[in-house]
Amino acid sequence: MRGNFFRRIVRYVAVLAVLCCAPAAAVPLSAAVEHASAIGLSTSVLEEQDGRLALPDAIAAYQAGKFRPGKSPVLNFGIGAKPVWIHFAVDNPGATPVRRMLSIETAWLDRIEVYFLHQDKTVTVDRVGDRQAFAQRPLASRYFVFDQVFGAGVSDVFVRVETPDPMVVPMYLLNPVTSRIRQTQQEFSYGIVYGFLLALMAYNAILYLSLRSSRYLYYALYLAMFVAMNVSYTGHGFAWLWPDSVAWAQWSNPILMFLYAVSGLLFAIRFLDLRLYFPRVQKVVIGYCAVFGGLLVAALLSDSQKYALLVSFTFVFLFTGVMLFLGAISVHAGQQPAKYFLIAAITGMVGGMLTTLSVWGFIPHNSWTFRALEIGMLVDATLLALALGHQFRVGQEEKLRAERLAQLDPLTGLNNRRAFYDKTGPLWSHAIRHRHDTSVMLLDIDRFKQINDRHGHAHGDEVLKATSNILRQSVRQGDVLARWGGEEFIVFLPETSLSEATALAERLRVAIADRRIPCETEQTAVTASFGIAQQEAPHSTLDALIASADECLYHAKQAGRNRVTGCLADQCLIQERPVVVEGCNPPAV
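Residues numbered from 1 in each chain as written. Predicted model: local features only at pLDDT ≥ 70, side-chain atom pairs only at ≥ 80, totals over all residues. Heavy atoms only, no water.

(A) Layout of the side chain of His 236. Assignment of secondary structure puts His 236 in helix H5 (residues 236–240). Judged by its relative accessible area of 1%, His 236 is buried. If we skip the residues at most four places from it in the chain, His 236 touches Arg 142, Glu 187, Tyr 190, Tyr 194, Val 231 and Leu 241. (Helix = DSSP H or I, 4+ residues; strand = E, 2+ residues; numbered from the N terminus. Buried < 20%, exposed > 50% of the residue type's maximum accessible area, 1.4 Å probe, protein only. Contact = heavy atoms within 4.5 Å.)

Okay, here's the thing in structure tokens:
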């Protein structure tokens, strides 16, 4: 009795083991129910091992239980996989035939054969793929779409797929309305992506033409290469741009992927100024591109599409890490725009890695993982545009600062001679045209050389700065004040007669004479002489008027200094002023 019991237990275990190891038959898809997601879990698959199988061979293998169930909603067999047979059944429970759209949403598959069987008879056979011209497809779609009517009962569908590209097979079985809505939504989303990137590319191309800065050219090239790569692997390029170029359709993906990554690295080299900050890293990056470029050329010459794809996918996968590394070292070096670049590199890296891993089959393939590169690129492009804008703003600020410094005297902060002429040119033309009173005032600090000799040049600089402050506080907003050279200053006085200019000069003379500049343990008193000229008929140019003011200044010096001399009608009017000096006066000449 005990022996029979153990024999029964062993027999039950053996039966359970057989049932567990046997492949489960996929449940037919009901034509009465909407299937919004991919139907991979309702399929069974078989990889060809010993040569090509014909349809009767595939049917026999299916009936023999050699097909294994699909493991995920989107079937993914990786790069360079052997040809695959896929089977699923469709059950139409009603008596009326039902129309459904079978969509295989991978654009780069080389050969697809679809066999629709009903009651063990072949109803329809379709052979498509990107090795055929686009016009040969049964429906004009960037994907492979088949319009099929399923009769009452159960129909069998066998699909054979062959490609050296990543064999990703997302299949959808939808009614015509749902299929059209899905396609419209996809095209709308791609329109947003392409429109944004193309607008950004055109904008940066215009900036390059206007500013001649190569960083904008490389950025526009980077965006263009991404768009080209994207339209290639999404099927838009085959549908819109090269519908009859079957050979280019085979090689466009690896070539454009490589060019996209190279253009990104070229932009990074220029944007981050690697030649200046990291010349050795720049050489390594160029060498990295050259090595993979050589491998890609070798794959092209050997006509190995599989190895070309492996090279390009590996290059793009590593490219995201290289961009992240370049951004990190640039941020560490203190480059402010590199912060934007680093964040952009992180988003681009995440998006690129998700898309690459989903296509390779390492993570589940769905709309989010497959299009993660596009999402990352939108964020990447936005951040890099902000970074370029930051660089442009900083560059403009530095340019304006340099221009401003080029027009300022570094010691006193007043306009220099160049700035004086730039600012007085329009004022002079307006005065001549409208015959308005205009005067020029020249002043010179008295005995400035003796100040330098006695107290040193540092104290002489303090005298110049103190004098410039008095002048700056006293002149009107519309006047043009400048350091003319050495210890000389000039004031252009629009809408000012000789008497008004003389009154202003007298106030300035008194203010300067009353000012005391600390020098070690004592204070220095300084004086200044003034020459003033009003524009008259002989003054056809501003330089002529300045020359008259300079002559008046000379007369003021000759008359004893610390006084104001005005010129009118070629006559010098010298105001007699007592010279009263307190404190540590400069020595007399």
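Let's pick the thread back up.
(B) Local environment of a nonpolar patch on the surface. Taken together, the side chains of Ile 346, Val 350 and Leu 354 define a hydrophobic patch exposed on the protein surface, amounting to about 220 Å² of accessible area. In this fold, Leu 354 is placed in helix H10 (residues 338–360). (Patch = residues over 30% accessible without salt bridge, like charges linked within 9 Å, V, L, I, M, F, W, Y side chains within 5 Å. Areas by Shrake-Rupley, 256 points an atom, 1.4 Å probe, with all protein chains shown as cover. Salt bridge = Lys/Arg side-chain N within 4 Å of Asp/Glu carboxyl O.)

(C) Local environment of the pattern of salt bridges. For the structure shown, the criterion picks out 18 salt bridges. The partner of Arg 476 in a salt bridge is Asp 479, and the shortest N-O contact between them spans 2.8 Å. The exposure class assigned to Arg 476 is partly exposed, which follows from its relative accessible area of 41%. A residue is classified by how much of its surface remains accessible, and Asp 479, at 9% relative accessible area, is buried.

(D) Summary view of the side chain of Asp 110. Within the secondary structure, Asp 110 is located in the loop between strand S6 (98–104) and strand S7 (111–118). Only 2.9 Å separates the side chain of Asp 110 from the side chain of Arg 131, close enough to count as a polar contact. Not counting residues within four places of it along the chain, the set of residues in contact with Asp 110 comprises Val 128, Gly 129, Asp 130, Arg 131, Glu 162, Thr 163, Pro 164, Asp 165, Gln 250 and Gln 305. (Polar contact = N/O pair within 3.5 Å; in protein donor to acceptor, adjacent residues only side chain to side chain.)

(E) Structural context of the packing of aromatic side chains. Under the criterion given, the structure shown has 24 aromatic pairs. Aromatic side chains Tyr 219 and Phe 267 sit 5.1 Å apart centroid to centroid with 40° between the ring planes, which places their arrangement in the tilted category. Of this pair, Tyr 219 sits in helix H4 (residues 214–233) while Phe 267 sits in helix H6 (residues 246–271); the two residues are 48 residues apart in sequence, bridging distant segments of the chain. Exposure remark for Phe 267: the relative accessible area of 0% places this residue in the buried category. An angle of 75° between the planes, with centres 5.9 Å apart, marks the rings of Phe 420 and Tyr 421 as edge-to-face. Overall, the relative accessible area of 33% leaves Tyr 421 in the partly exposed class. Cluster of aromatic residues (ring-pair linked, three or more members): Tyr 219, Tyr 222, Phe 226, Tyr 260, Phe 267, Phe 271, Phe 319 and Phe 341. The ring centre of Tyr 143 lies 4.1 Å from the NZ or CZ of Arg 142, which sits over that ring. Over the face of the ring belonging to Trp 484 we find Arg 417, whose NZ or CZ atom lies 3.9 Å from the ring centre. (Phe/Tyr/Trp six-rings, centres within 6.5 Å; stacked < 30°, edge-to-face > 60°. Lys NZ or Arg CZ within 6 Å of the ring centre and 35° of its normal.)

(F) Representation of the nonpolar core in the model. Core analysis: the largest hydrophobic core is formed by 98 residues, its most contacted members being Leu 265 and Leu 326. The biggest single contributor to this core is H6, with twelve residues. Leave out the neighbours within four places in its chain, and Leu 265 touches Val 285, Tyr 288, Cys 289, Phe 315, Phe 319, Val 322, Met 323 and Leu 326. Met 441, Phe 489, Leu 508 and Val 564 belong to the second-largest nonpolar core, a separate cluster that totals 28 residues. (Core = buried A, V, L, I, M, F, W, Y, C linked by side-chain atoms within 4.5 Å.)

(G) Local environment of the sheet that holds strand S9 (residues 144–150). With antiparallel pairing, the three strands of this open sheet are ordered in space as S9-S6-S12. In the strand order of this sheet, the two ends are held by S9 and strand S12 (171–174), each with one partner. Each strand axis lies, on average, 20° off the axis of its neighbour in the sheet, ignoring direction. Sheet analysis places S6 next to S12, joined by four bridges and oriented antiparallel. (Pairing = 2+ DSSP bridges. Axes fitted to C-alpha atoms, helices over the stretch in contact; angles between N-to-C directions.)

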